[in-house]
Amino acid sequence: MLRQVALLMFLAAWPALAAAFLHPSRPDPARVPTVEASTVRAWKTPFLWVDARPRGEFLRNGIPGAISLPEDDWERSIDAFLDAWDAGTPVVVYCGGGDCGTSESVARRLRKEAGITQIYVLKGGVGSWRKAP
Amino acid sequence: MRIFFLLALIVGSAQAQLVWEKPVRNLRAQPGDEKVEAVFRFRNAGAFPVKITQVVTSCGCTTARAEKNLFAPGESGEMTAVFKIGSRTGRQNKTIMVHTDPQSNTPIILGMVTEIVENVELDRRIVLWSRGEQPVAREIHVKVLQADPIRIVRAESSDPRLSATLREITSGREYVVLVKPADTASPLRGEVVLTSDSPAGSPQTFMVRARVK
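Residues numbered from 1 in each chain as written. Chains lettered and ligands numbered in written order. Predicted model: local features only at pLDDT ≥ 70, side-chain atom pairs only at ≥ 80, totals over all residues.

Peer 1: Just give me the short version of the overall build of chain A, but keep the residues and values in it.
Peer 2: Helix and strand counts for chain A stand at 6 helices and 5 strands. Counting only contacts in chain A whose residues sit at least 6 apart along the sequence, the fraction spanning at least 24 positions is 61%. (Helix = DSSP H or I, 4+ residues; strand = E, 2+ residues; numbered from the N terminus. Contact = placed C-beta atoms within 7 Å.)

This is how it looks when you write it as structure tokens:
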């Protein structure tokens, strides 16, 4: 009886494991977590905005107080980020919107290079911040 | 990446005229590569000419252009996209949005997913101390990822108030660099440069930024 139960559990485990690893909506642990604009609006503690778009777009309509850190100009821009950022302060990275990918890329790099743990990507980009209640 | 596929699927079904062979390309860049290039092939499968009116890339690092703009029914074409790597590392997702006339056509989104291979990995490139905190050494672990060994031969600090000590764990494979300010009483902006022995003639270097603030 016990052997049959064990066999059944073994057989049932395979599809469960396959679903866990191959499911299309399985979370990617390497991804930086996203945050909704409305959530950021409700934060009471200080945080730092990082604009991942090209410098021209940042100058045109960046969020006030944000630091420009485009990957195209990383080596020159990272010093300004380090001057503005205090260890332990959460960082929110934004780009133009939709699935631009740039903010994710900048956030991953900051997490890896500086070991920033409280780092987020703004869902929907800069447009969502302007529209958020 | 899934987003690329979904978008390509949605766009592919909505866009009846330009049919793209592979709207998402997976690419691999080797250490030292300055750029990667992808050629996206398409065919005008509709009954009317299609004009490419605008190409918008998701990053200033990516350019894309077709050989010409107007394609007759049944005609095939190519769009060449170039992604300049710069100092980027890891996986990079770049998109190219192609607008066509008639304007009723949904723009096409092409994807370039590039894996930038690193031959040496540093677990930190930025180390920080707050003013007044104990000037404890920060450890930077260096691992050689490629099969052939690379030796780190030097760790040099740009500032006399910042020390950098190189320790070999396994020759050609693994090192630890200890970075330490003499004190944290005043601000400091320094760099530590790690020099390798590869490639011979113009050895690769790796920079670590150190700040007391």
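Peer 1: I'd like a description of the pairing of strand S12 (residues 138-144) of chain B, backed by residues and values.
Peer 2: On a regular strand, one side chain projects to one face of the sheet and the next to the other, so that they alternate. Residue and element names in this part refer to chain B. Where strand S10 (residues 120-122) meets S12, 3 bridges bridge the pair, whose relative direction is antiparallel. If you follow Glu121 over to S12, its bridge partner there is Lys143. Of the pairings in the sheet, the one linking S12 to strand S15 (residues 174-181) comprises 6 bridges and is antiparallel in character. Directly across from Ile140, in S15, lies its bridge partner Val177. (Pairing = 2+ DSSP bridges.)

Peer 1: Pulling in residues and values, what's your account of the interface of chain A and chain B?
Peer 2: Of the residues lining the interface, 17 residues belong to chain A; the matching set on chain B comes to 21 residues. For the side of chain A that touches chain B, the elements supplying multiple residues, two or more each, are helix H4 (74-84) and helix H5 (102-114) of chain A. Split into classes, the residues belonging to the side of chain A that touches chain B amount to 7 nonpolar, 4 polar and 6 charged. (Nonpolar A, V, L, I, M, F, W, Y, C, P; charged D, E, K, R; others polar.)

Peer 1: Please set out the sheet that holds strand S3 (residues 35-44) of chain B residue by residue, giving values where relevant.
Peer 2: The pairing of strands in a sheet comes from backbone hydrogen bonds and takes either a parallel or an antiparallel form. All names here are of chain B. Taken in spatial order, the 4 strands line up as S1-S3-S7-S5 in an open sheet, and their pairing is antiparallel. In this open sheet, the two strands that pair with only one neighbour each are strand S1 (18-20) and strand S5 (62-66). Adjacent strand axes in the sheet meet at a mean angle of 25° when their direction is disregarded. Across 3 bridges, S1 lies against S3 in antiparallel orientation. Opposite Leu18, over in S3, you have Asn44 as the bridge partner. (Axes fitted to C-alpha atoms, helices over the stretch in contact; angles between N-to-C directions.)

Peer 1: Residue-level account of the pairing of strand S8 (residues 90-101) of chain B, with values.
Peer 2: Residue and element names in this part refer to chain B. By the bridge criterion, 6 bridges tie strand S4 (residues 50-57) to S8 in an arrangement that is antiparallel. Along S8, the bridge assignment pairs Gln54 with His99. The pairing of S8 with strand S9 (residues 108-116) spans 9 bridges and is antiparallel. Residue pairing in the sheet places Val98 in a bridge with Ile108 of S9.

Peer 1: Give a detailed account of the environment of Lys84 of chain B, specifying residues and quantitative values.
Peer 2: Residue and element names in this part refer to chain B. Position of Lys84 among the secondary structure elements: in strand S7 (residues 76-84). Distance from Lys84 to Lys35, taken between C-alpha atoms, is 4.3 Å for residues 49 residues apart in sequence. Look past the residues within four positions of Lys84 in its chain and what remains in contact with it is Glu34, Lys35 and Cys61.

Peer 1: Hey, could you go over the environment of Thr195 of chain B for me, with residue numbers and the actual values?
Peer 2: Residues and elements named next belong to chain B. Relative to the helices and strands, Thr195 resides in strand S16 (residues 188-196). Between the C-alpha atom of Thr195 and that of Thr53, which follows or precedes it by 142 residues, the distance is 48 Å. Once residues within four sequence positions are removed from consideration, Thr195 is found in contact with Val153, Arg154, Pro203 and Thr205.

Peer 1: Got a sec to walk through unusual backbone geometry? Specific residues and values, please.
Peer 2: The step from Ser198 of chain B to Pro199 of chain B runs through a cis peptide bond, and the omega angle for that step is -10°. Secondary-structure assignment places Pro199 of chain B in the loop between S16 and strand S17 (205-212).

Peer 1: Outline the confidence of the model for chain B, supporting the account with residue identities and numerical values.
Peer 2: Residue and element names in this part refer to chain B. Counting all residues, the mean pLDDT for chain B is 90, and 92% of those residues have values of 70 or more. Segment residues 9-15: pLDDT under 50, and 8 contacts once partners within four positions in sequence are set aside and those in other chains are kept. In the model output, the complex is listed with pTM 0.74 alongside ipTM 0.73. (pLDDT = per-residue confidence, 0-100.)

Peer 1: Can you break down the sheet that holds strand S6 (residues 70-71) of chain B residue by residue, with the values?
Peer 2: Residues and elements named next belong to chain B. With mixed pairing, the 5 strands of this open sheet are ordered in space as S2-S9-S8-S4-S6. Two strands close off the open sheet at either side, each with one partner strand: strand S2 (24-29) and S6. Where S2 and S9 come together, 6 bridges link them in parallel fashion. Residue pairing across strands places Arg25 opposite Met112, the latter belonging to S9.

Peer 1: Describe in detail the nonpolar core, supporting the description with residues and values.
Peer 2: It is characteristic of soluble globular proteins that their nonpolar side chains tend to be buried jointly. Counting 41 residues, the largest nonpolar core has Val50, Val93 and Tyr94 of chain A together with Val177 and Val179 of chain B as its most contacted members. The contacts of Val177 of chain B, once residues within four sequence positions are left out, are Ile140, Val142, Ala155, Ala164, Thr165, Leu166, Val192 and Leu194 of chain B. Of all hydrophobic cores here, the second largest spans 20 residues; its members include Leu18, Phe40, Ile96 and Ile108 of chain B. (Core = buried A, V, L, I, M, F, W, Y, C linked by C-beta atoms within 7 Å. Buried ≥ 20, exposed ≤ 12 C-beta atoms within 10 Å, placed from the backbone.)

Peer 1: Give a detailed account of H5 of chain A, specifying residues and quantitative values.
Peer 2: Each α-helix winds once per 3.6 residues, and so residues spaced three or four apart point in a common direction. Given a rise of 1.5 Å per residue, 13 residues ought to cover 18 Å, and the 18 Å separating the end C-alpha atoms of H5 of chain A matches this to within 8%. Each element contacted by the buried residues of H5 of chain A is listed here: strand S2 (48-51), strand S4 (91-94) and strand S5 (119-122) of chain A together with S8 and strand S11 (126-129) of chain B. Where H5 of chain A ends, the next residue or the one after it, Gly115 of chain A, has phi of about 70°, a positive value. (Expected span 1.5 Å × (residues − 1).)

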